[in-house]
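Structure assessment
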Amino acid sequence: MFIKRLLLQVLAICILGLALHAGQAHNPLIWADVPDVAAIRVGDTYYMSSTTMHMNPGVPIMKSKDLINWELIGYAYDKLVDNDAMNLNNGKSTYGAGSWASSLRYHDGKFYVSTFSSTSGQTHVYITDDIEKCHWECKTFSPSLHDHSLFFDDDGKVYMLTGGGDLRLVELEPDFSGIKQGGFDQVVIKDAHKVAGGVTGLRAEGSQMIKVNGKYYVMNITWPRNDIRTQIVHRADKITGPYEGRVILHDKGVAQGCLIDSPDGDWYALLFQDHGAVGRIPYLVPASWVDGWPMLGIDGKAPMQLDIPVDNINMLDTKIVASDEFNSSLDLAWQWNHNPLPDFWSLTSRKGYLRLTTDRIDSNVLESRNTLTQRTFGPTCSAVVKLDTAGMNDGDQAGLIALQKQYGFAGVKVDGGKKYIIMVSAQGQQPAEMAEVSLAQNFIYLKVDCDFRDKVDIAYFYYSLDGTNWIRFGTELKMAYTLPHFMGYRFGLFNFATKNAGGYADFDYCRISENIMVK
């Protein structure tokens, strides 16, 4: 009898454990900056591309088996273009630009990712027959087709639907060498935003085209003035039109993205929401077909909980963010701020360390090349680095940054041969040193905590001399999503020179967690 009761207790504990471990999926899918989502399904696997603009490598590619658990598997390109803006040369930069909204397709055994760029002035198409290896062939042509959707029609013709407000359909050469001479090139949806009514604010953009049951559907975002981001759709019997449209979701500002079906025939929209300083975060919204229209949400609302069972998701399991001990290769989660300089960073100069060497003199961290970044994430997140300052020159500054236009960092500066731990804030018009503490040793531990709960959007800065006892210093940073950078805050490792080039900073590790010290 005792053994039977014991077995029942063990079974109950196991069932309880499973119940605690498993649950219902919920929104946001990824509480991090993954905007301009484009997704496809190939068999039982989903793939998604997104925007990372001035970061390289660029156009991240993610995969999922259930539309809920997404894993970063690679990027479409290592370098978008080689020019002064992307290289942070001659006072130029491509903050807020680079490459924008991508389109993702699978056609005749090949995967296609296309994007466009004001920085390059071109439209870029990347092609591979194995998306998970992420070895892409690149085709480029002019002009840069804004917010386009790549589409392969049943008759073998290839199109891009492009533009804002007035949506233009252009036929492409089948080898992606450019717009087809004498091919179709006309506005097919004029003033697409007008179906949302109101006074025009953001005109319809972010096109994503799909064909379902013989009809063509074009998904767009629009943002009427004094209203919220709104999802609209247009449909037609022919790709060239005429199109009719309607609003299909007007809730929480969740909009812009694509329609996608499951192997079981369920339909969803993969969209995103502007969510303060953390950036633009993906939402999954159920879709149902009503009289040939894809209507989104539950009773017109984007639900926070989804009727999809799922294990608890840890952001660190997605590889979208990651800790790194810098042993052999950089983790996929890392992206360089603009084009990196390969000769001035190394994982081999000192085994087990990332070495960042200065190549020139810069006036501030936003001008510095070889700043290595990855996303912050919500609701809370933390980054800790161990930094060896022995190789820094007089005038050098190195450390850990919460990166956006209004940045803040904890770091070390060398001034007059002496070292100081500093906290710098760019919350005002100009970056200002908010704290300075003398440093009498080479190793220092730096920490940045980010709190995105209830959009409080505060970053806190710490240092430690032993990696155990932490001292908060400087000021809190009120993080703000600004259009000049057009990106959620990112953790970044940096080293720049203000007097003499050639100094180096060695980072032993960067450890990312969900835990912060402020409760």
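Residues numbered from 1 in each chain as written. Predicted model: local features only at pLDDT ≥ 70, side-chain atom pairs only at ≥ 80, totals over all residues. Heavy atoms only, no water.

When helices and strands are counted, the protein chain shows 2 helices and 38 strands. A compact globule built from 519 residues should have a C-alpha radius of gyration of about 24 Å, and the protein chain, at 24 Å, falls within 12% of that. In terms of overall dimensions, the protein chain has a C-alpha envelope of 80 × 75 × 45 Å along the principal axes. The burial tally for the protein chain puts 57% of its 519 residues in the buried class. Of the roughly 21100 Å² that the protein chain leaves accessible, carbon and sulfur atoms contribute 50%. One way to put it: in the protein chain the 48 positive side-chain charges average out to a point 2 Å from where the 59 negative ones average out. (Helix = DSSP H or I, 4+ residues; strand = E, 2+ residues; numbered from the N terminus. Rg over C-alpha atoms; globule rule 2.2 N^0.38 Å. Buried < 20%, exposed > 50% of the residue type's maximum accessible area, 1.4 Å probe, protein only. Areas by Shrake-Rupley, 256 points an atom, 1.4 Å probe, with all protein chains shown as cover. Lys, Arg positive; Asp, Glu negative; His and termini not counted. Charge placed at Lys NZ, Arg CZ, Asp CG, Glu CD.)

What follows covers the packing of aromatic side chains. Evaluated as defined, the whole model comprises 18 aromatic pairs. Consider the rings of Phe151 and Tyr216, whose centres lie 5.8 Å apart with planes at 65 degrees: the pair is edge-to-face. Residue Phe151 is found in strand β11 (residues 149–152), and its partner Tyr216 is found in strand β16 (residues 215–223); the two are separated by 65 residues along the sequence. What makes Phe151 buried here is its relative accessible area of 7%. Taking relative accessible area as the criterion, Tyr216 reaches 6% and is therefore assigned buried. Clustering of aromatic rings is evident, with ring pairs tying together Trp100, Phe116, Tyr481 and Phe486. Looking at Arg355, its charged tip hangs above the ring of Tyr504, at a distance of 3.8 Å from the centre. Across from the ring centre of Tyr509, 3.5 Å away, lies the NZ or CZ of Arg511, which sits over that ring. (Phe/Tyr/Trp six-rings, centres within 6.5 Å; stacked < 30°, edge-to-face > 60°. Lys NZ or Arg CZ within 6 Å of the ring centre and 35° of its normal.)

The 8 strands are arranged β4-β24-β27-β37-β29-β30-β31-β32 in an open sheet whose pairing can be described as antiparallel. Two strands lie at the open edges of the sheet, namely β4 (55–56) and β32 (432–439), each paired on one side alone. (Pairing = 2+ DSSP bridges.)

When strand β24 (residues 335–337) meets strand β27 (residues 372–375), the two strands line up antiparallel, connected through 2 bridges. Note on β27: the bridge partner recorded for Gln335 is Thr373. In this structure, β27 lies alongside strand β37 (residues 490–497), joined through 4 bridges in antiparallel fashion. Its bridge partner being in β37, Thr373 is matched across the sheet by Gly492.

Within the fold, Asp33 resides in the loop between β1 (22–26) and β2 (38–42). Engagement of the side chain of Asp33 in a polar contact is seen with the backbone nitrogen of Arg280, the distance being 2.7 Å. Polar side-chain contacts of Asp33 include one of 3.2 Å to the backbone nitrogen of Gly488. Setting aside residues up to four positions removed in sequence, Asp33 forms contacts with Val278, Gly279, Arg280, Arg375, Met487 and Gly488. (Polar contact = N/O pair within 3.5 Å; in protein donor to acceptor, adjacent residues only side chain to side chain. Contact = heavy atoms within 4.5 Å.)

This paragraph deals with the nonpolar core. Counting residues in hydrophobic clusters, the biggest one holds 88 residues, and the most contacted among them are Leu296 and Leu493. By size, the runner-up hydrophobic cluster in this structure holds 18 residues, among which are Tyr47, Val81, Val113 and Tyr126. (Core = buried A, V, L, I, M, F, W, Y, C linked by side-chain atoms within 4.5 Å.)

Our next topic: the pattern of salt bridges. Tallied over the entire structure, the rule returns 33 salt bridges. Residue Asp251 is joined to Lys252 by a salt bridge in which the shortest nitrogen-to-oxygen separation is 2.6 Å. On the basis of relative accessible area, Asp251 is assigned to the buried category, the value being 8%. A salt bridge links Asp388 to Arg350, with the nearest nitrogen and oxygen atoms 2.7 Å apart. Here Asp388, found in strand β28 (residues 380–388), pairs with Arg350, found in the loop between β25 (345–346) and β26 (354–357); they are 38 residues apart in sequence, far enough to count as distant. Note on Arg350: relative accessible area 25%, which makes it partly exposed. In this structure, a network of salt bridges that share partners links the residues Asp166, Lys190, Asp191, Lys194 and Arg203. (Salt bridge = Lys/Arg side-chain N within 4 Å of Asp/Glu carboxyl O.)

Counted by the stated rule, this structure contains 3 cavities of 30 Å³ or more. Taken as a whole, the largest cavity encloses approximately 60 Å³ of empty space. Asp36, Val37, Ala101, Ser102, Asp147, His148, Gly206, Ser207, Gln208, Gln256 and Gly257 are the residues that line the largest cavity. Among the elements of the structure, β15 (202–212) and β19 (255–261) are those that each provide at least two residues to the lining of the largest cavity. For the lining of the largest cavity, the element with the highest residue contribution is β15, accounting for 3 residues. (1 Å grid on protein atoms, 1.4 Å probe; cavity = no way out; pocket = protein on both sides within 12 Å on 5 of 7 lines; lining within 4 Å. Points joined across faces, edges and corners; volume = space filled by probe spheres on them.)

To continue, consider the pairing of strand β34 (residues 458–464). Look at any regular strand and the pattern is simple: side chains alternate between the two faces of the sheet. For β34, the buried fraction is high: 7 of the 7 residues fall into the buried class. Across the two faces of β34 the burial is the same, with Ile458, Tyr460, Tyr462 and Ser464 and Ala459, Phe461 and Tyr463 all buried. For strand β33 (residues 443–451) and β34, the ladder comprises 7 bridges, and the chain directions are antiparallel. From the neighbouring strand, Val448 faces β34, where its bridge partner is Phe461. Where β33 hands over to β34, the hairpin turn is made up of 6 residues, of which Asp454 adopts a positive phi near 55 degrees. By the bridge criterion, 2 bridges tie β34 to strand β36 (residues 477–478) in an arrangement that is antiparallel. Paired with Ala459 across the bridge in β36 is Leu477. As defined by bridge partners, β34 adjoins strand β35 (residues 471–472) across 2 bridges and the pair is classed as antiparallel.

Once that is clear, we can look at the side chain of Asp457. For Asp457, the location among the structural elements is in the loop between β33 and β34. In this structure Asp457 is buried but unpaired, with Lys478 as the nearest side chain of opposite charge at 5.0 Å. Here the side chain of Asp457 touches Ala277 through a polar contact of 2.9 Å, landing on its backbone nitrogen. Look past the residues within four positions of Asp457 in its chain and what remains in contact with it is Gly276, Ala277, Asp451, Phe452, Leu477, Lys478 and Met479.

What the largest pocket holds in volume is close to 540 Å³. Considering the residues around the largest pocket, the lining is formed by 23 residues, among which Ile40, Arg105, Tyr106, Ile210 and Lys211 are closest to the centre. When contributions to the lining of the largest pocket are tallied by element, the ones reaching two or more residues are β2, β7 (103–107), β11, β15 and β19. If you tally residues by element for the lining of the largest pocket, the top one is β2, at 5 residues. For the lining of the largest pocket, a count of residues per class yields 15 nonpolar, 2 polar and 6 charged. By volume, the second largest pocket is sized at about 410 Å³. Along the wall of the second largest pocket there are 20 residues; nearest its centre are Trp223, Asp274, Arg280, Leu483 and Phe486. Counting only elements with at least two residues in the lining of the second largest pocket, the list comes to β15, β16 and β20 (267–274). (Nonpolar A, V, L, I, M, F, W, Y, C, P; charged D, E, K, R; others polar.)

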